[in-house]
Amino acid sequence: MGLGTMYTGKTKNLGIIGYPVAHSLSPAMQSAAIVDAGLDYRYIAMPVHPDALASAVEGLKALNFRGFNVTIPHKVNLIPLLDDIDEDAKMIGAVNTVLIEAGKLIGYNTDSSGFIRSLRKNAFEPEGKSAVILGAGGAARAVLWGLIASGMKSLTIGVRDCKKAQPLISIFGKFIRIKALYWDDPEFSEALQTADLLVNSTPLGMSPNTDAEPPVDWTLIRQEAFVSDLIYTPAETAFLRAAKKNKNRCMNGEGMLVEQGAEALERWTGRKVRPEIMARALRDSLRCRA
Ligand code: NAP
């Protein structure tokens, strides 16, 4: 079945809720994978105002949706409306995927596993390694939990405000050696020197402010370290350019975005899908926007 062909009474519905949601790349990625796998599903973008979240979710249930993705500003506020929540999503404190099973809403977070899948596809195995994460926002939380669950040995978070990172340290400190340090702290420089993995989870360098980058002293970074930027617009940030110049292997945020989507679709449909098809649709959409 191709895009634009007939949907039947048996077609199952999927989608994404957010506010705004028109910018989301998920409809393009998901629709491409659905068509590629020959699935009788469709995926649409649904703007849901925060005041209407509860009634919108009831509506999706009543309309027999199979599931939906959740984006800003609903990733945390949706949690009290769920019937059940997966352990990973609970630890991260945010939900990006909901499965509707026998009228019950079950919340998941596939950002975390999506990041780990993208790391492994780049032949980086977190077990027993040390990482430095720049930034302590929502994306950092998913990345940190993914790394902890994958057996990372130690984590250091570089921030401009240590107080804001304290809740993360309290929660994740039960599972791993983890510290939040100011970027200009000498102890932070030591962590950079021994890091096997360096991740930018700040928006520094994201379009349109492409000249910005986190203040990393690249002379401290080992050439063997793997470098990841969660940003995917532009495809190569100033941070990743610096990593390449330092001869580090690296990846941008495209893999995480694609893999979180692939995992959500697999959960809804019970079928394996091809992330490379989603990646191609993502790049096409970004090219059209540019
Ligand atoms: P967020 O919750 O707003 O967190 C941003 C973090 O960066 C905070 O710790 C913030 O510190 C810090 N930060 C922001 N501006 C800074 C600056 N000028 N100097 C120093 N630190 C700064 O955002 P998020 O949702 O975590 O998203 C972060 C990035 O990840 C974005 O670029 C987003 O596009 C990307 N992302 C990618 C994916 C993917 O699938 N590839 C998924 C999610 C997010 P303060 O708290 O002090 O402001």
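This write-up is about the structure you can find in this document. Note that residues are indexed from 1 along each chain, following the sequence as it is written. In keeping with the predicted nature of the model, local features appear solely for residues at pLDDT of at least 70, side-chain atom pairs appear and are counted solely at 80 or more, and the whole-chain, interface and lining totals rest on all residues. The basis for every side-chain value is the complete set of heavy atoms in the structure, and neither hydrogens nor water enter the calculation.

1. Considerations on helix H6 (residues 162-172)
Our working rule: The rule is simple: take the accessible area with a 1.4 Å probe, protein chains only, and divide by the maximum for that residue type; under 20% is buried, over 50% is exposed, in between is partly exposed. Secondary structure elements are taken from DSSP: a helix is a run of H or I of four residues or more, a strand is a run of E of two residues or more, and numbering for both begins at the N terminus. This arc is built from the directions going out from the helix axis to the C-beta atoms. Any two residues having at least one pair of non-hydrogen atoms within 4.5 Å are treated as being in contact.
The set of residues buried in H6 consists of Cys162, Ala165, Leu168, Ile169 and Phe172. Looking straight down H6, one finds that the buried residues subtend no more than 105 degrees of arc, so they occupy a single side. Across H6 from its buried face, at more than 90 degrees, point the exposed residues Lys163 and Lys164. On the buried face of H6, the contacting elements are helix H3 (87-92), helix H5 (138-149), strand E8 (154-159) and strand E9 (177-182).

2. Some remarks on the nonpolar core
Put simply, the rule is: To form a nonpolar core, buried Ala, Val, Leu, Ile, Met, Phe, Trp, Tyr and Cys residues must be joined to one another through side-chain atoms within 4.5 Å.
Counting residues in hydrophobic clusters, the biggest one holds 34 residues, and the most contacted among them are Phe115, Leu119, Leu147, Leu155 and Leu197. Per-element tally for this core: the top contributor is H5, with 7 residues. Setting aside chain neighbours within four positions, we find Leu155 in contact with Ala131, Leu144, Leu147, Ile148, Ile176, Arg177, Ile178 and Lys179. Membership of the second largest hydrophobic core comes to 25 residues, among which are Val21, Leu39, Leu99 and Val273.

3. Points about the side chain of Thr156
For Thr156, the position within the fold is in strand E8. With sequence-adjacent residues up to four places away left out, Thr156 is seen in contact with Ala131, Val132, Ile133, Lys179, Leu181, Phe188 and Ala191.

4. Some remarks on the packing of aromatic side chains
Basically, it comes down to this: Two aromatic rings, drawn from Phe, Tyr or Trp (for Trp, its six-membered ring), form a pair once their centres lie within 6.5 Å of each other, and the interplanar angle then sorts them: stacked below 30 degrees, edge-to-face above 60, tilted otherwise.
All told, the structure shown has 5 aromatic pairs when counted by the stated rule. Pairing Trp145 with Phe175 gives two aromatic rings, centres 5.1 Å apart and planes at 75 degrees, and the pair type is edge-to-face. Highlighted residues: Trp145 in helix H5 and Phe175 in the loop between H6 and E9, separated in sequence by 30 residues. In this structure Trp145 comes out as buried when scored by relative accessible area, which is 9%.

5. Looking at the site of the ligand
Stated formally: The criterion for a residue being near a molecule or strand is simple. One of its heavy atoms has to lie within 4 Å of it. Within 3.5 Å is the distance limit for a polar contact, defined as a pair of N or O atoms, with the added protein rule that one can donate a hydrogen and the other accept it, and that residues adjacent in sequence qualify only through two side-chain atoms. Note on areas: Shrake-Rupley with a 1.4 Å probe; residue coverage comes only from the protein chains shown. Here a cavity denotes a set of grid points, spaced 1 Å apart and computed over the protein atoms alone, in which a 1.4 Å probe fits but from which it cannot get out, and a pocket denotes an open set meeting protein on both sides within 12 Å along at least five of seven lines; residues with an atom within 4 Å of a point are reported as lining. The rule for placing a molecule in a cavity or pocket is simple: more than half of its atoms must lie within 2 Å of the grid points.
Around the ligand, a shell composed of 19 residues is seen, among which Ala136, Ala139, Arg160, Leu230 and Gly253 lie nearest. Measuring from an oxygen atom of the ligand, one finds a backbone N or O atom of Gly137 at 3.4 Å. Note that an oxygen atom of the ligand is positioned 3.0 Å from one of the backbone N or O atoms of Gly138. Isolated, the ligand exposes 920 Å² of accessible area, and the fraction of that covered by the protein chains is 72%. Put simply, the ligand lies in the largest pocket.

6. Here we look at the layout of surface pockets
Rules: Grid points are joined across faces, edges and corners, and a volume is the space filled by probe spheres set on the points. Each residue gets one of three labels, nonpolar for Ala, Val, Leu, Ile, Met, Phe, Trp, Tyr, Cys and Pro, charged for Asp, Glu, Lys and Arg, and polar for the others, Gly among them.
Taken as a whole, the largest pocket holds about 1,500 Å³ of empty space. Taken together, 46 residues form the lining of the largest pocket, with Ile72, Lys75, Gly138, Ala139 and Met206 sitting closest to its centre. Ranked by the residues each element gives to the lining of the largest pocket, the list is headed by H5, at 4 residues. Looking at the lining of the largest pocket, its residues break down into 22 nonpolar, 17 polar and 7 charged.

7. Regarding the sheet that holds strand E7 (residues 130-134)
Defined as follows: A strand pair is defined by DSSP finding two or more bridges across the two strands. Here the axes come from fitting lines to C-alpha atoms, over the contacting stretch only for helices, and the angles between their N-to-C directions go from 0 to 180 degrees.
Taken together, the 6 strands give an open sheet; going across it, the order is E9-E8-E7-E10-E11-E12, and neighbouring strands pair in parallel fashion. The strands lining the two open edges of the sheet, one partner per strand, are E9 and strand E12 (249-251). Strand-to-strand twist of the sheet, defined as the mean angle between neighbouring strand axes without regard to direction, takes the value 15 degrees. As paired strands, strand E10 (residues 197-200) and strand E11 (residues 226-229) are joined by 4 bridges and run parallel to one another. Its bridge partner being in E11, Leu197 is matched across the sheet by Phe226. Seen against the sheet, H5 touches E7, E8, E9 and E10 and runs at an angle of roughly 175 degrees to E7. Across the sheet, helix H7 (residues 186-194) is in contact with E7, E8, E9 and E10; its angle to E7 comes to roughly 125 degrees.

8. Brief notes about the packing of helix H1 (residues 26-36) against helix H9 (residues 254-269)
Between two packed helices, the angle of one axis relative to the other and the distance separating the axes together describe the packing. How we decide: An angle below 35 degrees is treated as roughly parallel, one above 145 as roughly antiparallel, one from 65 to 115 as roughly perpendicular, and anything else as oblique. Crossings are assigned a handedness: left-handed for a near helix turned anticlockwise from the far helix by less than a right angle, right-handed for a clockwise turn.
Across the interface, H1 lies against H9 with an axial gap of 10 Å and an inter-helix angle of 50 degrees. Classified by the angle between their axes, H1 and H9 sit oblique to one another. In terms of crossing hand, the pair formed by H1 and H9 is right-handed. From H1, Met29, Gln30, Ala33 and Ile34 reach across to H9, where they touch Leu257, Val258, Gln260, Gly261, Leu265 and Trp268.

9. Focus: the pattern of salt bridges
Basically, it comes down to this: Criterion for a salt bridge: a side-chain nitrogen of Lys or Arg within 4 Å of a carboxyl oxygen of Asp or Glu.
One pass over the full model with this rule turns up 19 salt bridges. Among the ionic pairs, Lys75 bridges to Asp111, the shortest N-O distance being 2.9 Å. With Lys75 in the loop between strand E3 (67-70) and strand E4 (84-85) and Asp111 in helix H4 (residues 110-121), this residue pair connects regions lying 36 residues apart in the sequence. Its relative accessible area of 13% is what places Asp111 among the buried residues. Glu276 is the partner of Arg274 in a salt bridge, and the nearest nitrogen-oxygen pair spans 3.8 Å. A relative accessible area of 39% means that Arg274 is categorised as partly exposed.

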